[in-house]
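A structural walkthrough
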Amino acid sequence: MNAVSPPASRRHDSAQARWERLPVIRTGEDYIASLKGRGTRLFLFGELIDEPADHPMIRPSINALRATYDLAIEDPELATAHSPLIDAPVNRFLHMPTGPHDLVMKNRMQRRLGQITGTCFQRCTGLDTLSVLHSITWDIDAKHGTGYHRRYLEFLKEAQRRNVLIAAGMTDPKGDRSKRPAEQADPDMFLHITDRNEDGVFVRGVKAHMTGGWNQHWICVMPTMNLGEDDRDYAVVGMIPGDAEGITYIYGRQASDTRSMEGGDMDQGNAQYGGQEVWVYFDDVFIPHEHLFMDGEHEFAQEMVARFTAYHRASYVCKTGLGDVMVGAAATIADYNGVDKVSHIKDKLVEMVHLNETIFSSGIASSHEAKPLDSGIYMNDGMLANVCKHNVTRFPYEIARLAQDLAGGIVATMPSEKDLENEEAGAIIRRFLKGRDDIPTEDRMRILRLIENMTLGRNAVGYLTESMHGAGSPQAQRIQILRGMDVEHKKWHARKLAGIEQA
């Protein structure tokens, strides 16, 4: 299947022309319509896909993003906020935090969406990127007299007016980890500027396993690590339309993902919602000056990454919404098995809730402790944000283990939906896969498939693997905790109480 290539005129199109290709999005239906007919190049199973928005493997990830639009309509107090930039309500995923309350409400919205979708809804990275850009562009302007902050505000206003999605393109392939970007044998191992003209710059490279990358309207490319003087060409931040010429997407595999193409919905576990990761290759893709927010200011790369992680690691309270689903599924299967009143069953459920709420408490505490930056925006407490994410690298795995414990081995050995539909095999299954007599066998099978989906299958990516590696693997949080733990101050308090004279 061959996709239609974007017209060559797009290579040098202006910032305004790029906006004019996008509609104003108000509803989930509007969002889905906005993805169709874009002419993007996306590979899946070695083939170019004509219309990715209609592909059964891709559609669940689109549905998860659709939920962010639907929630804004169903619960505007939770999922919208008033933007002083355009003097109108906007989706909270496009609202910049002007105080701790905004960050707390963001966390509550993220938990709710986790409950609704049971997966990664792919929009947090975009919000956290926009939040970082507010302050980092201000700081670059203060040092260098550039005009990045004004450009950023103009982009943000238009994004709010049109209610669009922004994906975060941060992670580079990195190549030889012992070498810096400019030292790599292949210079494209890190995305970098390859050429420039009077209207803008061209970039080349790959952004790896990008969350929801194809599903969104814009991609913000940015550095993935601290940079030196020799890495100036790699110090680039810019907004690129998802349908820009020169972009190639390669869709990432997920466990049990082809079940979405088999027909039926039971074996998928969660047929409606899923996550998405793509590799995105930028082959001399153009960024006009109006959408360029860093161009060589390498000394700001490390601080930008640090601020992004402070926002994004606290955003992992979204996993508590998935945890709520996991607890509910485990409690349901215990009920269907007739053992919900057994003491050790109740104790395991208590442990699952304890772990889940521990994650939420550290994340929301980070938001309550937010402080203002020079640009006027508020940022999460960095220490508590890193503690939140470090909890997330551990606790969902224990919650998942306990859910599998309560489900039993059948969670990984159960016959298929097609076997259930077969007249002869189905009769055997309905008779012998039953738990309580008053619970239909099919209901028991469906809740088992949901547990499988979140602990072994497709949405284990969003609940487990992403919990481990998203926003930085465990050691990244430990490094930040080490930097911020201020042991000398703690030693001073201990010596004082012990009666030791202080110098």
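A brief structural summary. This structure is a prediction, so every number in the text was calculated from the model and none was measured.

1. Considering the nonpolar core
With 55 residues, the main nonpolar core has Leu 133, Ile 166 and Met 239 as its most contacted residues. Here the element with the most residues in this core is helix H6 (residues 124–144); it accounts for 7 residues. Leave out the neighbours within four places in its chain, and Ile 166 touches Leu 94, Gly 126, Leu 130, Phe 155, Ala 159, Gln 216, Trp 218, Cys 220 and Met 239. In terms of nonpolar packing, the next biggest core, distinct from the first, is built from 45 residues, Val 317, Leu 322, Ala 329 and Leu 450 among them.

2. Brief notes about empty space enclosed by the protein
Scanning all chains against the criterion turns up 4 cavities of 30 Å³ or more. Lining the largest cavity are 14 residues, and of these Ser 256, Asp 267, Gln 268, Asn 453 and Arg 458 sit closest to its centre. When residues of the lining of the largest cavity are assigned to their parent elements, the largest contribution, 3 residues, is made by helix H15 (residues 441–455). The residue makeup of the lining of the largest cavity, split by class, is 1 nonpolar, 7 polar and 6 charged. Volume-wise, the second largest cavity comes out at about 60 Å³. Forming the boundary of the second largest cavity are Arg 92, His 95, Pro 97, Asp 102, Leu 103, Lys 106, Leu 127 and Ser 131.

3. A few points about helix H2 (residues 28–35)
Of all the positions in H2, only Gly 28, Tyr 31, Ile 32, Ser 34 and Leu 35 are classed as buried. Along the axis of H2, the buried positions cluster into a sector of 155 degrees, meaning they face one direction only. Of the surrounding elements, those touching the buried residues of H2 are helix H3 (59–74).

4. Details of the sheet that holds strand S8 (residues 218–221)
Strand order in this open sheet of 4 strands is S5-S8-S9-S12, and the pairing throughout is mixed. Taken across any chain shown, the strands that pair with only one partner, and hence form the sheet edges, are strand S5 (166–169) and strand S12 (292–295). Neighbour to neighbour, the strand axes of the sheet diverge by 25 degrees on average, direction disregarded. Summarising the sheet, strand S9 (residues 236–241) and S12 pair through 3 bridges and their orientation is antiparallel. Note that in S12 the partner of Val 236 across the bridge is Asp 295. Of the strands in this sheet, S5, S8, S9 and S12 touch helix H7 (residues 148–162), which is tilted by about 150 degrees from S12.

5. Digging into the pairing of strand S11 (residues 277–288)
Of the pairings in the sheet, the one linking strand S7 (residues 200–211) to S11 comprises 9 bridges and is antiparallel in character. Looking at the pairing, Met 210 lines up with Val 278 of S11. Two strands pair when backbone bridges link them, and strand S10 (residues 247–251) and S11 are joined in this way by 5 bridges, in the antiparallel orientation. Residue pairing across strands places Ile 250 opposite Trp 279, the latter belonging to S11.

6. Describing the packing of H3 against helix H5 (residues 100–117)
At a minimum axis distance of 10 Å, the contact between H3 and H5 shows a crossing angle of 125 degrees. For the element pair H3 / H5, the angle class is oblique. In the packing of H3 onto H5, the handedness of the crossing is right-handed. Residues Ala 64, Ala 67, Thr 68 and Leu 71 of H3 touch H5, and the partners they reach there are Met 109, Arg 112, Leu 113, Ile 116 and Thr 117. For the contact of H3 with H5, the residue count by class is 6 nonpolar, 2 polar and 1 charged.

7. Some words on the packing of helix H10 (residues 343–368) against helix H12 (residues 395–407)
Where H10 meets H12, the axes come as close as 9 Å, and the angle between the chain directions of the two elements is 160 degrees. When the axes of H10 and H12 are compared, the pair comes out roughly antiparallel. Judged by the sense of rotation from one axis to the other, the crossing of H10 with H12 is left-handed. From H10, Ile 345, Lys 348, Leu 349, Glu 351, Met 352, Leu 355, Asn 356, Thr 358 and Ile 359 reach across to H12, where they touch Phe 395, Pro 396, Glu 398, Ile 399, Leu 402, Ala 403, Asp 405 and Leu 406. In terms of residue class, the contact of H10 with H12 is built from 11 nonpolar, 2 polar and 4 charged.

8. Thoughts on the layout of surface pockets
Taken as a whole, the second largest pocket encloses approximately 280 Å³ of empty space. If you go around the second largest pocket, you meet 15 residues; those closest to its centre are Ile 25, Pro 89, Val 90, Asn 91 and Asn 163. Among the secondary structure elements, those contributing two or more residues to the lining of the second largest pocket are H3, strand S4 (88–91) and H7. Counting residues per element, the lining of the second largest pocket draws most heavily on S4, which supplies 4 residues. Residues that form the lining of the second largest pocket fall into these classes: 9 nonpolar, 4 polar and 2 charged.

9. Digging into the side chain of Thr 441
Along the polypeptide, Thr 441 turns up in helix H15. Here Arg 430 takes part through its backbone oxygen, which lies 2.7 Å from a polar atom of the side chain of Thr 441. In this view, Thr 441 contacts Ile 429, Arg 430, Leu 433 and Lys 434; residues no more than four positions away in its chain are not counted.

10. Details of unusual backbone geometry
In this structure, Asp 87 takes a positive phi of about 50 degrees despite not being glycine. One can find Asp 87 in the loop between strand S3 (80–83) and S4. The backbone of Ala 471 shows a phi angle near 60 degrees, a positive value even though the residue is not glycine. Note on placement: Ala 471 falls in the loop between helix H16 (460–469) and helix H17 (474–484).

11. Let's talk about H16
With 7 of 10 residues buried, H16 lies mostly within the body of the structure. Restricting attention to buried positions, one finds in H16 the residues Ala 460, Val 461, Gly 462, Tyr 463, Leu 464, Glu 466 and Ser 467. Where the residues of H16 are buried, they touch S7, S11, helix H9 (318–336), helix H11 (382–392), H12 and H15. Directly after H16, the chain includes Ala 471, whose backbone phi takes a positive value near 60 degrees.

Reading guide: rules and limits
Residues numbered from 1 in each chain as written. Predicted model: local features only at pLDDT ≥ 70, side-chain atom pairs only at ≥ 80, totals over all residues. Heavy atoms only, no water. Core = buried A, V, L, I, M, F, W, Y, C linked by side-chain atoms within 4.5 Å. Buried < 20%, exposed > 50% of the residue type's maximum accessible area, 1.4 Å probe, protein only. Helix = DSSP H or I, 4+ residues; strand = E, 2+ residues; numbered from the N terminus. Contact = heavy atoms within 4.5 Å. 1 Å grid on protein atoms, 1.4 Å probe; cavity = no way out; pocket = protein on both sides within 12 Å on 5 of 7 lines; lining within 4 Å. Points joined across faces, edges and corners; volume = space filled by probe spheres on them. Nonpolar A, V, L, I, M, F, W, Y, C, P; charged D, E, K, R; others polar. Arc of directions from axis to C-beta. Pairing = 2+ DSSP bridges. Axes fitted to C-alpha atoms, helices over the stretch in contact; angles between N-to-C directions. Parallel < 35°, antiparallel > 145°, perpendicular 65-115°, else oblique. Left-handed = near helix turned anticlockwise from the far one by under 90°. Polar contact = N/O pair within 3.5 Å; in protein donor to acceptor, adjacent residues only side chain to side chain.

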